[in-house]
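Each chain, written out:
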Amino acid sequence: MKAPSAPASRRRVYGFGAGKADGRAAMREILGGKGANLAEMTRIGLPVPPGFTISTEVCAEFEASGGRMPKGLQAEVAKALAKVERIMGSRFGDPERPLLVSVRSGARVSMPGMMDTVLNLGLNDRTVEGLAARAQGRFAWDSYRRFVQMYGDVVLGVPMERFDDRLESLKERRHVSLDTQLTADDWRGLVREYLAIVEAQTGKPFPQEPNEQLWGAIAAVFRSWETPRAVTYRKLNGIPQAWGTAVNVQAMVFGNMGDDCATGVAFTRDPSTGAKVFYGEYLKNAQGEDVVAGIRTPQPLARESRSPDQAQLPTLEEEMPRAYRELARIRSTLEKHYRDMQDVEFTIQSGTLWMLQTRSGKRTARAAVKIAVDMAREGLISRDEAIGRVNPDSLEQLLHPTLDPDAPRQVIAKGLPASPGAACGTVVFSADAAEAKAKAGEKVVLVRIETSPEDIHGMHAAEGILTARGGMTSHAAVVARGMGKCCVVGCGSLQIAYDRGQFRVDDRVVRSGDEITIDGSTGEVILGRVPTVTPELGREFAELMRWADAVRRLEVRTNADTPNDAKVAREFGAQGIGLCRTEHMFFEEERILAVREMILAPDAVHRGRALDKLLPMQRGDFVGIFRAMEGLPVTIRLLDPPLHEFLPHEEEGIREVAKALGSDVAEVRARIEERSEFNPMLGHRGCRLGITFPEIYRMQVRAIAEAACQVAESGVKVRPEIMIPLVAHVGELERLRPLVEEEVSRVLALNRSVKVQIAIGTMIEVPRAALVADEIAKYADFFSFGTNDLTQMTYAMSRDDAGKFLPEYIEAGILTDDPFVSIDREGIGQLVCIGVERGRKTRRDLKVGICGEHGGDPKSVRFCDEAGLDYVSCSPFRVPVARLAAAQAAVAAPRAAGRRGAARAEAARKAGRRRRAGR
Ligand code: PEP
Ligand code: MG
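The structure presented is a predicted model; accordingly, all values stated were derived computationally and were not measured. Chains are numbered independently. Their residues run from 1 in the order of the written sequence. Chain A is the first chain written and ligand 1 is the first ligand written, with later ones labelled in order. Where local features are concerned, this predicted model is filtered to residues with pLDDT of at least 70; where side-chain atom pairs are given and counted, the filter is 80 or more; whole-chain, interface and lining totals use all residues. Remark: hydrogens and water are excluded; side-chain values derive from all non-hydrogen atoms of the structure.

### Regarding a nonpolar patch on the surface
A contiguous nonpolar patch, built from Phe805, Tyr809 and Ile814 and spanning about 260 Å² of accessible area, is present on the exposed surface. Mapped onto the elements of the fold, tyrosine 809 is located in helix α32 (residues 799-811). A patch consists of residues exposed above 30% relative accessible area that lack any salt bridge, with like charges linked at up to 9 Å and nonpolar side chains (Val, Leu, Ile, Met, Phe, Trp, Tyr) linked at up to 5 Å. In this description, accessible areas are obtained by the Shrake-Rupley approach with a 1.4 Å probe, and a residue is regarded as covered only by the protein chains that are shown. In what follows, salt bridge is the name for a side-chain nitrogen of Lys or Arg lying within 4 Å of a carboxyl oxygen of Asp or Glu. Numbering of helices and strands runs from the N terminus; a helix is a DSSP stretch of H or I covering at least four residues, while a strand is a stretch of E covering at least two.

Printed below as a string of structure tokens:
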């Protein structure tokens with residue numbers, strides 16, 4: 001096959017170095033994140049080792065041609081390499097002054113699963129001598145063995161253990177425990193062994209020619225885009241296959257040439273708390289991978305961010321003050337330039353500082369909130385930008401409980417507090433086990449010596465992650481923080497034995513399946529389960545929420561069925577109840593018998609008796625909820641689920657109902673049989689019950705109206721809204737609205753001293769209802785989209801069942817997304833738009849909301865804003881999520897269009913009021 005060639009004008013290789021760069025930050029699409037930022041840092045005058053980036057487009061060309069490099073690339077690379085050689089004053093392959101390079105992948109977004117790094121490329125049997133002459137022999141041979149090992153592993157596919165085994169046996173022979181105790185001759189001997197391993201494994205000698213090494217590494221980066229792990233990661237995260245990865249080739253600088261050398265990672269603010277302190281770790285006399293590998297304990301960067309358990313460790317500030325001061329200057333330059341918290345990698349070679357990477361730093365939700373608010377206050381970003389900086393979904397983490405500080409606990413070990421929160425679950429030792437057990441509904445804590453990108457699925461599934469090795473910037477720590485998962489790392493006292501499925505701390509043994517608790521804020525590992533308490537939200541959280549509330553258009557309500565849930569939601573900022581499911585009140589133990597009597601009553605008289613028992617209970621519930629939601633709207637839905645859900649199945653339950661009804665058991669059993677349905681989802685439920693058993697709805701309406709009057713009488717303002725579910729035909733509402741009105745009027749007539757207004761509306765949750773919304777609106781003061789049922793009925797699949805085949809559907813491209821997760825214009829959103837448009841055609845002031853799960857999903861909230869809904873309603877803990885998502889939607893909406901839309905809506909509302917007043 002002929003290799004495709006790009007248009008002659010299209011550049012494939014972008015150089016950077018000595019203050020000049022062909023690329024810049026905005027070019028991340030073709031340079032990848034790493035390459036774009038290396039170019040940007042070079043441009044703004046930061047010390048970046050020279051290099052070049054091969055664009056992501058070449059990756060696509062490489063793939064399309066079945067793994068061949070496009071024509072012309074070689075010449076471009078040679079030119080870029082020559083520039084690097086000029087800047088560095090050394091030459092690739094030169095035995096006297098060899099240029100060594102690193103080769104790294106770099107996609108648009110950081111992506112585990114791909115080839116990461118090859119360091120020291122350019123070393124061979126001859127250049128190693130040149131390097132030895134210029135630095136030290138020990139350093140040169142150590143670098144060469146690292147190179148052979150890395151290249152052998154990631155480019156040639158030689159298993160890492162082959163090399164590790166030799167190193168371990170060498171240390172044994174020399175009776176030493178640390179790499180640093182090995183001599184130049186030791187490393188030289190090991191290199192020979194490594195080269196022999198490669199030859200034995202691959203059937204070819206290790207490539208000695210630097211150019212061959214370079215092209216091998218470039219091809220390996222492109223091929224790594226296709227590894228199953230990378231493909232899976234992209235699928236899980238919705239990253240398009242077509243993006244491709246860039247390749248960054250950069251002159252090596254060395255952090256391992258002696259004690260005036262170091263390498264480290266830093267965050268411009270604390271990624272756990274968001275505090276404005278310079279935070280990071282470094283290792284003296286080490287190369288990049290040593291820091292993340294977690295084999296040596298890294299030292300803290302600065303005194304201001306040194307934790308109590310690091311008190312004994314000297315900081316970079318103290319050990320290398322000049323390099324530290326420069327790094328601190330760069331920290332502030334980067335924050336001003338990027339206007340965000342940065343995560344950087346640096347190396348100090350013989351006292352000189354070099355920057356190897358910068359990117360937006362991953363952070364906990366708590367840190368994200370603090371950093372956004374602080375930066376807006378510092379004037380670095382606007383308030384609108386601050387609102388956009390926090391992932392609404394992540395807020396839920398902040399609201400969830402932490403360990404009760406007063407609860408007794410048996411701490412068995414302590415590691416580093418890598419990602420806050422608390423997690424409790426049974427111990428598992430592998431990612432697969434974590435996934436399998438979590439699928440079966442078990443809460444698990446994943447315990448590993450250390451984690452790698454292969455463990456991602458298990459980390460997702462686990463409640464928390466505990467590792468024996470690694471620092472605050474280890475894989476486990478960084479990934480867990482990004483996921484918002486509780487994580488404790490570097491817990492050195494844990495002796496993990498995977499083969500025996502256990503870990504040991506001193507003489508205590510914890511086995512797979514035992515329960516432990518980990519505290520990501522203190523690093524404690526605790527035996528058993530520890531009770532939790534609700535967290536206090538910081539000042540910055542309140543501030544951000546105030547800013548969000550000031551800009552959002554959508555109202556946010558909650559789905560709550562108890563006074564307590566209502567209270568919690570109100571504290572989280574709910575502006576009313578959008579859905580109170582009355583059936584939840586029916587399931588309580590002391591009520592279920594009365595409910596069963598009502599359903600299984602042989603006639604209206606018996607049913608009436610049962611309903612009389614239920615009435616005061618329901619009324620009591622509503623009184624509590626109205627009080628908790630004083631002054632705010634409360635939408636109460638009349639009974640919705642199929643009756644058979646309440647039926648007794650066990651002998652004892654059946655006998656109990658028979659006794660209460662004075663019927664015989666066989667008769668009751670026959671009636672149970674009668675009530676059971678083939679497809680309950682599509683059966684006798686919702687307003688169909690209201691039509692066939694009007695007494696049930698009458699009782700509920702009466703309970704609502706009486707509760708409202710009772711509460712209003714005590715001086716508390718109530719705003720009840722009665723909602724009729726599952727309407728599919730206007731005739732249903734045509735019959736049920738008068739029934740509801742009649743009951744309400746009857747109660748109000750008896751309570752003339754109080755002023756209570758009760759709105760009557762319906763749910764739009766059957767596709768047909770959306771289509772005939774214009775007719776339905778004649779009998780509804782409001783609509784609430786029940787997108788749970790609407791989704792199930794439109795796709796004709798239930799959420800639970802769909803879980804079994806959705807992944808395949810998504811993989812096959814039949815569905816691009818899980819339809820239960822978000823609503824959008826391509827799917828259910830169309831029905832929502834039709835319903836809104838047709839409903840408001842009949843009734844311009846029609847109030848429209850949503851109360852399906854989507855009401856707490858940020859993407860769906862944004863859709864609801866665009867579709868002109870008045871409110872979203874979600875579970876109490878999602879209320880802050882929805883408030884922020886609604887604010888982001890408002891900020892993102894084109895301002896002019898937003899104002900026009902608002903003006904139109906206002907005009908429509910006024911017109912509606914006029915029209916109805918005249919009716
Ligand atoms: C819905 O269908 O979206 C809804 C809110 O009702 P439920 O989940 O109770 O069926
Ligand atoms: Mg429903």
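Having put the structure on the table, let's press on.
### Quick notes on the pattern of salt bridges
This model, assessed by the stated rule, comprises 63 salt bridges. Close ionic contact of aspartate 393 with arginine 878 constitutes a salt bridge, the shortest N to O distance being 2.3 Å. With aspartate 393 in the loop between α14 (383-388) and α15 (395-399) and arginine 878 in the loop between β34 (871-874) and α35 (879-892), the pair connects residues that are 485 residues apart, well separated along the chain. Residue glutamate 706 pairs with arginine 702 through a salt bridge whose shortest N-O separation is 2.8 Å.

### Thoughts on the pairing of strand β29 (residues 633-637)
To sort residues, take the accessible area from a 1.4 Å probe on protein chains only and compare it with the maximum for the residue type: under 20% means buried, over 50% means exposed, and anything in between is partly exposed. In terms of burial, β29 is a largely internal element, five of the five residues being buried. Burial of β29 is two-sided: the residues Pro633, Thr635 and Arg637 facing one way and the residues Val634 and Ile636 facing the other way are all buried. Where strand β28 (residues 577-581) lies against β29, three bridges are found, and the strand directions are parallel. What sits directly across from isoleucine 577, in β29, is valine 634. Should DSSP find at least two bridges between two strands, the strands are taken to pair.

### Here's the deal with the coordination of the magnesium ion (ligand 2)
Only nitrogen, oxygen and sulfur atoms qualify as donors, provided they sit within 2.8 Å of the metal or within 3.2 Å for Na, K and Ca; with water excluded from the atoms, sites may seem incomplete. At this site the magnesium ion (ligand 2) is bound by Glu765 (OE) and Asp789 (OD), with donor distances of 2.0 to 2.2 Å. Of this pair, glutamate 765 sits in the loop between β31 (759-764) and α29 (767-771) while aspartate 789 sits in helix α31 (residues 787-795), placing them 24 residues apart in sequence. Here glutamate 765 and aspartate 789 have matching classes, each one buried.

### Topic: the site of ligand 1
Close contacts around ligand 1 come from Leu579, Arg581, Arg637, Asp640, Met763, Glu765, Gly786, Thr787, Asn788, Asp789, Cys851 and Gly852, and that covers them all. Under this definition, polar contacts are N or O atom pairs within 3.5 Å; protein pairs additionally need one hydrogen-donor-capable and one acceptor-capable atom, and for neighbouring residues in sequence, both atoms have to be side-chain atoms. Here threonine 787 contributes a backbone N or O atom positioned 3.0 Å from an oxygen atom of ligand 1. Note that an oxygen atom of ligand 1 is positioned 2.7 Å from one of the backbone N or O atoms of asparagine 788. A total of 290 Å² of accessible area belongs to ligand 1 in isolation, and the protein chains cover 88% of it. Elements represented by at least two residues in the shell around ligand 1 include exactly β28 and α31. For the shell around ligand 1, the leading source of residues is α31, giving three residues. Taken together, the residues of the shell around ligand 1 sort by class into three nonpolar, four polar and five charged. Nearness is defined per residue: one heavy atom within 4 Å of the molecule or strand is enough. Each residue is assigned to one of three groups, with Ala, Val, Leu, Ile, Met, Phe, Trp, Tyr, Cys and Pro labelled nonpolar, Asp, Glu, Lys and Arg labelled charged, and all others, Gly among them, labelled polar.

### Let's talk about a positive patch on the surface
Taken together, Lys20, Lys79, Lys83 and Arg86 make up a surface patch of like positive charges. Broken down by element, the positive patch gets its largest block of residues, three residues, from helix α3 (residues 73-88). The residue lysine 83 is located in helix α3 in this model. Lysine 83 sits in the partly exposed class, given a relative accessible area of 47%. Counted as positive: Lys and Arg. Counted as negative: Asp and Glu. His and the chain ends are not counted at all. Charge coordinates come from a single atom per side chain, which is NZ of Lys, CZ of Arg, CG of Asp or CD of Glu.

### Overview of the packing of helix α6 (residues 160-174) against helix α7 (residues 184-202)
Axes here refer to lines fitted to C-alpha atoms; in helices the fit is confined to the stretch in contact. Angles between the N-to-C directions go from 0 to 180 degrees. The interhelical angle for the contact between α6 and α7, taken along N-to-C directions, is 150°, at an axis separation of 10 Å. Between α6 and α7, the crossing angle belongs to the class labelled roughly antiparallel. Judged by the twist between their axes, the crossing of α6 over α7 is right-handed. In this structure, α6 contributes Arg162, Phe163, Arg166, Leu167, Leu170, Arg173 and Arg174 to the contact, and α7 contributes Asp186, Trp187, Leu190, Glu193, Tyr194, Ile197, Val198 and Gln201. The cut-offs work like this: below 35 degrees is roughly parallel, past 145 is roughly antiparallel, 65 to 115 is roughly perpendicular, and the gaps in between are oblique. By convention the crossing between two helices is left-handed if the near helix lies anticlockwise of the far one by an angle smaller than a right angle, and right-handed if it lies clockwise. By definition, residues are in contact when any of their heavy atoms lie within 4.5 Å.

### Regarding the environment of glycine 93
Topologically, glycine 93 is positioned in the loop between β4 (91-92) and β5 (98-99). On the accessibility criterion, glycine 93 (23% relative accessible area) is partly exposed. Each C-alpha atom of the pair glycine 93 and aspartate 801 lies 61 Å from the other, and the pair is 708 residues apart in sequence. Setting aside its immediate chain neighbours within four residues, glycine 93 contacts Thr127 and Pro210.

### Description of the sheet that holds strand β12 (residues 342-349)
One open sheet holds the five strands; their spatial order is β11-β10-β9-β12-β13, and the pairing between them is antiparallel. The sheet terminates laterally at β11 (299-300) and β13 (352-360), the two strands that pair on one side only. Of the pairings in the sheet, the one linking β12 to β13 comprises eight bridges and is antiparallel in character. Note on β13: the bridge partner recorded for threonine 347 is tryptophan 354. The sheet strands contacting helix α12 (residues 321-338) are β12 and β13, and the helix crosses β13 at an angle near 30°.

### Let's talk about the sheet that holds strand β20 (residues 486-489)
Overall, mixed pairing links the eight strands, which are arranged β15-β25-β24-β17-β18-β19-β20-β16 in an open sheet. Edge strands, defined here as strands with exactly one partner in the open sheet, are β15 (410-414) and β16 (416-419). Along the sheet, successive strands turn relative to each other by an average axial angle of 35°, direction set aside. Sheet contacts for helix α16 (residues 431-439): β17 (422-428) and β18 (444-448); angle to β18, the most-contacted strand, approximately 175°.

### Describing helix α27 (residues 694-713)
Since the α-helix packs 3.6 residues into each turn, any two residues three or four apart lie on the same face. A rise of 1.5 Å per residue sets the reference length of α27, with its 20 residues, at 28 Å; its end C-alpha atoms lie 28 Å apart and thus fit the reference within 8%. The buried fraction of α27 amounts to 14 of the 20 residues, a majority that puts the element mostly inside the structure. Remark: glycine 715 follows α27 within two positions and exhibits a positive phi of approximately 90°. By this rule, a helix spans an expected 1.5 Å times one less than how many residues it contains.

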